[in-house]
Amino acid sequence: MTKWLYCPECRAELDGSGEFAKCPKGHFVKYNTPVISAFGFFEFDGKYLFMKRDYRPRKGFWSVPAGFLENNETAEEGLAREAKEEANIDIDISKLEYIGSFYQEYGDKYGTKNVGIGYKYRFDALPKIELNDEHSDYLWATLDDAPEIASTDVRDALEYLQNKLSKMV
């Protein structure tokens, strides 16, 4: 299917008069280009923060602090916002280390095209984690002991980091 005509949630005819095809009831937007997200591997003492998703898609799987960018927001600003929203942690964006950009199709049903921009961040002291309602649990683990990751972009970045760090040893 190359053109979306109906909302996959309520079957209403999509409004295609704007830049994107949209459900008039607000259930669905079909983007024609990839949407951008940012995610971070947050490290303290050789272990990384992983958070268990408590929402769809991929509820029950693990991720790292991540989210879609908002209008007029850089990837670094978006990651700082998501870290605060999801885990109540503050980061200094000047200390983010760029890992790379990673493609995925986000969502089990609709397959939104997504490019995730990945970063690594090192804490000097163990931060106090306070999860919001998007996550049910968290853990600190080495990259080799990482739990099953929900999204393709973060999984690919994890593999990239594992390979990069193994070559440094």
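The shown structure was predicted, so the numbers you read here are calculated from the model rather than taken from an experiment.

Focus on the pattern of salt bridges
Pairs can form between side chains of opposite charge once their charged atoms are near each other. Counted according to the given criterion, the structure contains 10 salt bridges. The partner of Lys 59 in a salt bridge is Asp 54, and the shortest N-O contact between them spans 3.8 Å. You can call Lys 59 exposed: its relative accessible area is 53%. In this structure Asp 54 comes out as partly exposed when scored by relative accessible area, which is 34%. Glu 97 is the partner of Lys 164 in a salt bridge, and the nearest nitrogen-oxygen pair spans 3.4 Å.

Notes on the state of the cysteines
If you walk through the whole model with that rule in mind, you get 0 disulfides. Summary of cysteine pairing: Cys 23 is not part of a disulfide, and the nearest cysteine sulfur, belonging to Cys 10, is at 3.6 Å. Judged by its relative accessible area of 6%, Cys 23 is buried.

Remarks on unusual backbone geometry
Non-glycine residue Arg 11 carries a positive phi angle of around 70°. One can find Arg 11 in the segment before strand 1 (21–22). Since its relative accessible area comes to 70%, Arg 11 is described here as exposed. Notably, Asn 72 is not glycine yet its phi reads approximately 60°, a positive angle. Tracing the backbone shows Asn 72 in the loop between strand 6 (66–68) and helix 1 (75–87).

Concerning the confidence of the model for the protein
Of the residues in the protein, 93% reach a pLDDT of 70 or more, and the chain-wide mean stands at 90. For the protein, strand 2 (residues 29–30) is the element with the lowest average pLDDT, namely 86, and helix 1 is the one with the highest, namely 98.

Quick word on the side chain of Arg 53
Tracing the chain through its elements places Arg 53 in strand 4 (residues 47–53). For Arg 53, which is buried and forms no salt bridge, the nearest opposite charge comes from Glu 134, at a distance of 7.0 Å. Not counting the four nearest positions on each side in its chain, Arg 53 is found in contact with Arg 58, Lys 59, Gly 60, Phe 61, Ser 63, Tyr 106, Glu 134, His 135 and Ala 150.

Comments concerning the pairing of strand 4
Taken across its 7 residues, strand 4 has 5 buried, putting it largely inside the fold. The pairing of strand 3 (residues 35–44) with strand 4 spans 2 bridges and is classified as antiparallel. Paired with Phe 44 across the two strands is Lys 47, which belongs to strand 4. Between strand 3 and strand 4, which pair antiparallel and follow one another directly, the connecting turn spans 2 residues, one of which, Asp 45, has a positive phi of 55°. For strand 4 and strand 9 (residues 135–141), the ladder comprises 6 bridges, and the chain directions are antiparallel. Following the sheet pairing, Met 51 is matched in strand 9 by Tyr 138. Direction of pairing for strand 4 relative to strand 5 (residues 62–63): antiparallel, over a ladder of 2 bridges. Among the inter-strand pairings, Lys 52 is bridged to a residue of strand 5, identified as Trp 62.

Cut-offs applied
Residues numbered from 1 in each chain as written. Predicted model: local features only at pLDDT ≥ 70, side-chain atom pairs only at ≥ 80, totals over all residues. Heavy atoms only, no water. Salt bridge = Lys/Arg side-chain N within 4 Å of Asp/Glu carboxyl O. Buried < 20%, exposed > 50% of the residue type's maximum accessible area, 1.4 Å probe, protein only. Disulfide = S-S within 2.5 Å. Helix = DSSP H or I, 4+ residues; strand = E, 2+ residues; numbered from the N terminus. pLDDT = per-residue confidence, 0-100. Lys, Arg positive; Asp, Glu negative; His and termini not counted. Contact = heavy atoms within 4.5 Å. Pairing = 2+ DSSP bridges.

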